[in-house]
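Chain residues, written in single-letter form:
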There are 2 protein chains.
Amino acid sequence: MKEITAYSREELTALEAKLASEYDAWKEKGLALNMARGKPAAAQLDLSNEMLSNGLASYKTEDGLDARNYGVLDGIPECKRLFGELLGIPTDQIIIGGNSSLNMMYDMMARLCLFGTQGEKPWKAWEFEGKPVKFLCPSPGYDRHFTICEALGIEMIPVKLLEDGPDMDEVERLAASDERIKGIWCVPLHSNPQGVCYSDQVVDRLASMKTAAADFRIFWDNAYGVHHIYEEVALKDILQACKEAGNENRVYYFFSTSKITFPGAGIALMASGAGNIAEVKKAMNAQTIGHDKLNQLRHVQYFKNAEGVRKHMKDLAAELRPKFDMVLSKLEEHLGGTGLMTWSSPKGGYFVSVDTIPGCAKETVRLAKEAGVTLTGAGATYPYGKDPQDSNIRIAPSFPVPEELAQAMDLFCLCVKLAGVRKLLEK
Amino acid sequence: MKEITAYSREELTALEAKLASEYDAWKEKGLALNMARGKPAAAQLDLSNEMLSNGLASYKTEDGLDARNYGVLDGIPECKRLFGELLGIPTDQIIIGGNSSLNMMYDMMARLCLFGTQGEKPWKAWEFEGKPVKFLCPSPGYDRHFTICEALGIEMIPVKLLEDGPDMDEVERLAASDERIKGIWCVPLHSNPQGVCYSDQVVDRLASMKTAAADFRIFWDNAYGVHHIYEEVALKDILQACKEAGNENRVYYFFSTSKITFPGAGIALMASGAGNIAEVKKAMNAQTIGHDKLNQLRHVQYFKNAEGVRKHMKDLAAELRPKFDMVLSKLEEHLGGTGLMTWSSPKGGYFVSVDTIPGCAKETVRLAKEAGVTLTGAGATYPYGKDPQDSNIRIAPSFPVPEELAQAMDLFCLCVKLAGVRKLLEK
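This is a predicted model, so every value here is computed, not measured.

The rules we used
Residues numbered from 1 in each chain as written. Chains lettered and ligands numbered in written order. Predicted model: local features only at pLDDT ≥ 70, side-chain atom pairs only at ≥ 80, totals over all residues. Heavy atoms only, no water. Helix = DSSP H or I, 4+ residues; strand = E, 2+ residues; numbered from the N terminus. Buried < 20%, exposed > 50% of the residue type's maximum accessible area, 1.4 Å probe, protein only. Contact = heavy atoms within 4.5 Å. Lys, Arg positive; Asp, Glu negative; His and termini not counted. Charge placed at Lys NZ, Arg CZ, Asp CG, Glu CD. Least-squares fit on C-alpha atoms with pLDDT ≥ 70 in both. Buried area = accessible area lost by both parts, 1.4 Å probe. Salt bridge = Lys/Arg side-chain N within 4 Å of Asp/Glu carboxyl O. Nonpolar A, V, L, I, M, F, W, Y, C, P; charged D, E, K, R; others polar. Polar contact = N/O pair within 3.5 Å; in protein donor to acceptor, adjacent residues only side chain to side chain. Core = buried A, V, L, I, M, F, W, Y, C linked by side-chain atoms within 4.5 Å. Pairing = 2+ DSSP bridges. Axes fitted to C-alpha atoms, helices over the stretch in contact; angles between N-to-C directions. Right-handed = clockwise from strand over helix to strand, strands pointing away. Expected span 1.5 Å × (residues − 1). pLDDT = per-residue confidence, 0-100. Phe/Tyr/Trp six-rings, centres within 6.5 Å; stacked < 30°, edge-to-face > 60°. Lys NZ or Arg CZ within 6 Å of the ring centre and 35° of its normal.

**Focus on the overall build of chain A**
And then number 1: Within chain A, the regular secondary structure consists of 15 helices and 13 strands.
And then number 2: Taken across its 427 residues, chain A has 63% of its residues classed as buried.
And then number 3: Put simply, 77% of the contacts in chain A that link residues at least 6 apart link residues at least 24 apart.
And then number 4: Across chain A, 49 positive and 57 negative side-chain charges occur, with their mean positions spaced 3 Å apart.

**Here's the deal with the relation of the copies chain B and chain A**
And then number 1: Once chain B is rotated about the relating axis by 180 degrees and shifted along it by 0.0 Å, it coincides with chain A to within an RMSD of 0.0 Å. Such a turn and shift between the copies fits a two-fold axis. Of the C-alpha atoms belonging to chain B, the one lying closest to the rotation axis is found on G55 of chain B, 2.7 Å away.
And then number 2: The fraction of interface residues of chain B whose copies in chain A are also interface residues reaches 100%, indicating that both copies meet through the same surface.

**Here's the deal with the interface of chain B and chain A**
And then number 1: Listed as interface residues are 55 residues of chain B and, on the opposing side, 55 residues of chain A.
And then number 2: In total, about 4600 Å² of surface goes out of reach between chain B and chain A, with carbon and sulfur atoms giving 56% of it.
And then number 3: Taken together, the connections running from chain B to chain A amount to two salt bridges.
And then number 4: For R68 of chain A, the salt bridge goes to D46 of chain B, with nearest N and O atoms at 2.8 Å.
And then number 5: Those elements that place two or more of their residues in the side of chain B that touches chain A are α2 (42–46), α3 (50–53), α5 (101–115), α6 (123–128), α7 (143–151), α11 (274–287) and α12 (293–303) of chain B.
And then number 6: In terms of residue count, the dominant contributor to the side of chain B that touches chain A is α5 of chain B (eight residues).
And then number 7: Of the residues belonging to the side of chain B that touches chain A, the class tally is 27 nonpolar, 17 polar and eleven charged.

**With respect to the side chain of H190 of chain B**
Residues and elements named next belong to chain B.
And then number 1: Within the element layout of this structure, H190 appears in the loop between β6 (181–186) and α9 (200–208).
And then number 2: There is a polar contact of 2.9 Å between the side chain of H190 and the side chain of H228.
And then number 3: Residues in contact with H190, not counting those within four places in the same chain, are G195, V196, C197, Y224, H227, H228, E231, V233, K347, G348 and G349.

**Examining the nonpolar core**
It is characteristic of soluble globular proteins that their nonpolar side chains tend to be buried jointly.
And then number 1: In terms of nonpolar packing, the biggest core is built from 118 residues, with L206 and W220 of chain A together with L206 and W220 of chain B touching the most fellow members.
And then number 2: M109 and C149 of chain A together with L73 and I148 of chain B belong to the second-largest nonpolar core, a separate cluster that totals 68 residues.

**A short note on the sheet that holds strand β5 (residues 165–166) of chain B**
Residue and element names in this part refer to chain B.
And then number 1: Taken in spatial order, the eight strands line up as β2-β9-β8-β7-β6-β3-β4-β5 in an open sheet, and their pairing is mixed. The sheet is open, and its two borders are formed by β2 (94–96) and β5, each paired with just one other strand.
And then number 2: The sheet contact formed by strand β7 (residues 217–221) and strand β8 (residues 251–256) spans four bridges and is parallel. Across the sheet, I218 pairs through a bridge with V251, a residue of β8.
And then number 3: Contacting β2, β3 (134–139), β6, β7, β8 and β9 (268–271), α5 crosses the sheet at an angle of about 155 degrees to β8.
And then number 4: Strands in contact with α7 are β3, β4 (155–162), β6 and β7; relative to β3, the strand with the most contacts, it is inclined by about 160 degrees.

**Re the packing of helix α4 (residues 77–87) of chain B against helix α13 (residues 306–335) of chain B**
Residue and element names in this part refer to chain B.
And then number 1: At a minimum axis distance of 8 Å, the contact between α4 and α13 shows a crossing angle of 65 degrees. Residue-level inspection shows L82, E85 and L86 of α4 in contact with α13, the latter providing A306, V309 and R310.
And then number 2: Broken down by class, the residue content of the contact of α4 with α13 amounts to four nonpolar, no polar and two charged.

**Topic: the pairing of strand β7 (residues 217–221) of chain A**
Residue and element names in this part refer to chain A.
And then number 1: Counting buried residues in β7 gives five out of five residues, a clear majority hidden from the surface.
And then number 2: The two faces of β7 match: R217, F219 and D221 on one face and I218 and W220 on the other face are all buried.
And then number 3: Handedness of the crossover joining strand β6 (residues 181–186) and β7 through helix α9 (residues 200–208): right-handed.
And then number 4: Read from β7 through helix α10 (residues 238–244) to strand β8 (residues 251–256), the crossover connection turns out right-handed.

**A look at helix α12 (residues 293–303) of chain A**
And then number 1: The element α12 of chain A is largely enclosed, with a buried count of nine among its eleven residues.
And then number 2: Residues of α12 of chain A that are buried include every one of K293, L294, N295, Q296, L297, R298, H299, V300 and F303 of chain A, and no others.
And then number 3: Packing partners of the buried residues in α12 of chain A comprise α3 (50–53), α4 (77–87), β2 (94–96) and α13 (306–335) of chain A together with α3 and α12 of chain B.
And then number 4: A distance of 3.0 Å separates the backbone nitrogen of L294 of chain A from a side-chain oxygen at the start of α12 of chain A, and that oxygen is part of D292 of chain A.
And then number 5: Residue K304 of chain A follows α12 of chain A closely and has a positive phi angle near 70 degrees.

**Re the environment of N99 of chain B**
And then number 1: For N99 of chain B, the location among the structural elements is in the loop between β2 and α5.
And then number 2: Of the residues examined, N99 of chain B reaches a relative accessible area of 12% and is grouped as buried.
And then number 3: Residues N99 of chain B and L239 of chain B lie 140 residues apart in sequence; the distance between their C-alpha atoms is 23 Å.
And then number 4: Apart from residues lying up to four places away in sequence, N99 of chain B is in contact with G290, H291 and D292 of chain A together with S258, G264, G266 and A268 of chain B.
And then number 5: A polar contact is formed between the side chain of N99 of chain B and the backbone oxygen of G290 of chain A, at a distance of 3.0 Å.
And then number 6: Here G264 of chain B takes part through its backbone oxygen, which lies 2.9 Å from a polar atom of the side chain of N99 of chain B.

**Describing the environment of G339 of chain A**
And then number 1: Tracing the backbone shows G339 of chain A in the loop between α13 and β10 (341–343).
And then number 2: On the basis of relative accessible area, G339 of chain A is assigned to the partly exposed category, the value being 29%.

**Some points on α5 of chain B**
All names here are of chain B.
And then number 1: Over its 15 residues, α5 runs 21 Å from end to end, which matches the ideal 21 Å to within 8%, given 1.5 Å per residue.
And then number 2: Counting buried positions over the 15 residues of α5 gives 14, a clear majority of the element.
And then number 3: Taken from the residues just after α5, G116 is the one with a positive phi, measuring 70 degrees.

**A few points about the confidence of the model for chain A**
And then number 1: Here chain A shows a mean pLDDT of 97. Residues at 70 or above account for 100%.
And then number 2: Confidence estimates for the predicted assembly give a pTM of 0.97 and an ipTM of 0.96.

**Section: the packing of aromatic side chains**
And then number 1: For the coordinates displayed, the defined rule picks out 25 aromatic pairs over all chains.
And then number 2: Following the ring pairs from residue to residue traces out a cluster consisting of W123, F135, W185, F219, Y252 and F254 of chain A.
And then number 3: Here K39 of chain B stacks its cationic end above the ring of F399 of chain B, 4.8 Å away from the centre of that ring.

**Focus: the pairing of strand β9 (residues 268–271) of chain A**
All names here are of chain A.
And then number 1: Here β9 shows a buried face lined by A268 and M270 and a second buried face lined by L269 and A271.
And then number 2: Taken together, the three bridges between β2 and β9 define a ladder with antiparallel strand orientation. Bridge assignment links I96 to a residue of β9, and that residue is L269.
And then number 3: Direction of pairing for β8 relative to β9: antiparallel, over a ladder of four bridges. When the sheet's bridge partners are listed, Y253 is paired in β9 with A271.

**Some points on the environment of P383 of chain A**
And then number 1: With respect to the helices and strands, the residue P383 of chain A is situated in the loop between β12 (373–375) and β13 (392–395).
And then number 2: Residues P383 of chain A and P138 of chain A, spaced 245 residues apart in sequence, show a C-alpha to C-alpha distance of 9.2 Å.

**Let's talk about unusual backbone geometry**
And then number 1: Of note, the bond from N192 of chain A into P193 of chain A is cis; its omega dihedral lies within 30 degrees of zero at 10 degrees.
And then number 2: Considering the arrangement of structural elements, one finds P193 of chain A in the loop between β6 and α9.
And then number 3: Looking along the chain, the bond that leaves S139 of chain B and enters P140 of chain B is cis, with omega of 0 degrees.
And then number 4: Take P140 of chain B: it is sitting in the loop between β3 and α7.
And then number 5: The backbone phi angle of D390 of chain A is positive, close to 45 degrees, even though this residue is not glycine.
And then number 6: You can call D390 of chain A buried: its relative accessible area is 17%.

If you want it as structure tokens, here you go:
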């Protein structure tokens, strides 16, 4: 089969007419589907309903505290143990937060701006001196990470995300060259959006590289740390790797159950080296008396132990796998061999990342929207919303029911073709 | 009866010996009671247990959203309506937060430091220029408010708290005189610790006074807004008063159910003028996707409406009233007419504020602690922990069961006498 990208002008013109008429037919259907965000489907949420309907078996923590009352800044011991066991992190390096790891990341970044860390200058002080600090942003990446930087006045430097993690040659070169480069965002497992899993070597290089800034920090958002769908992937322990490299306080590790139990009613946590943990607890002490211990208990009573979480994740994967199967098979069916699109083959996580030929992402998303399918905005996966190639689109298959997902993908693939063919005709 | 303060040296010496021997007898008992914080007793928390044991009747919000899933930055509509009705605040001026109004206050203050407000210079920029901003702190007051200022590098200026609110002559003079004075902390009803309720006149003066700073802000922590124990006290609507005075964005209003349902598992909210609310929502958008909507639903399903909250508060008051009665009667019984102590007569709230003769608060707290009763640290009710008179002590009667409270108060009064008599002997 000849790739569409190799079509003659005549062939393209004929194909455009055919696709345009198909597209008009789709518009008639009046679809109204939303695949903009990585939202769990109702069927996924139902898997955790027992946690809500059963009520709490006891209000006491294992050390005898009444979880209904004030107290416990950094989380009840059994909750720390549950997640410590799940993630292989010593409990004394863990702080349990509220319902949102994003909120913990923002708060951490805000503290660095306000106070600095380990005796270094507050990052806002750099900005007020006209020399804003900078962050490395492996791209495509998670738009809400980029929003945090933008809100706090931290300049973003895009770095390529390769098959096994960020382009480490580039990361090492940049980190060593500029003391205003203060850190890097990482989603190390089943990354948002491509599903990249960091190799051991990348983890080691991040942990041990030379940085011009003494307060260089890795924001390690392990959002999909147990979200294996097709294949269980191991991730090297970065806390340990940093410690061994003599950079114990280089990494802030984040995790949450937002996509395990309930988005917005889950449990978030952070972990770091001893010096950072002491610093964070001291700062938190001015911010709150403590987070929701009843919800911590609810999670512990429901899961019991790490094995309970892992079993639950298998059930979740069984819900998600058919949707990923469908997205990938629709892409193959409609776009395989056309030359108009490439896509990731994630082993887990929440997304499939696709790339149009240059200059077609925005138009594809616009066409889909006009026919009733809302996708993540084109460009959202890049700092400042600027995809230099205008080619990356994030597909979030989790929310729609299967029949709707099938429709949405058929339409999406049509839009990719239509936008692609029109782009080729411009030449 | 002759006041002890009028005793001769011989009388004082004899009394000291008698009190010291009584005190030694108390030490033998090995008490271990904690009245340090305003923690609800288990019996108070039990009143809300249904909210936990019953499970949720439905996961849908009234506008059809699945509250288990992502979304809704500023709170579900029925939750805004519940508290709007309770507090007399239009719902579009309300933002529902997480589990802690303290956290909302800290975050608000942190945003002012990082970003400023309504186009004015960020407060941290003042600090980095060597001219830190300042806050007025009616004292005695709430130690955690002072901790927020201290943590964020905001200088505190104590202002006297009178019978009907802060000393407004002083507040007006200071606010008008210095553009670095950026705001004031207020607990306007049943204040922590004295139970002061602000008069309408004070509210009006705060709302309309001239301030040198365009970004002068009132942090209005209405923590005890519905916590009437002896008498229902009305509070003038400061949001409306500010609006009428042309200072719509002068006040940030805070409230929570921490002392209504569960500390740490309640619902917090803030309210302000339209300009501030828009600004806060924009900033929050970088911080979180939304707070715990299931807990919002839990509260709405349990209370149903404002009347439900008011009824619940009557039940809570019935739990608390005997404890306040006991504190006040023990003070009268042991210390009335001695000249060694004065105390507040709160109409509601969570505390009784007492004053020793100058220079005795620290020693009283030390003596009580040594005999097994932990009180709030002396000085905690003043900025930087510095009570200029060393006389104020906050009594928190809520947590102990009645028998323990009786014991604790007997011992406390003895310690007041012992410290007082020894101080008199120093002269």
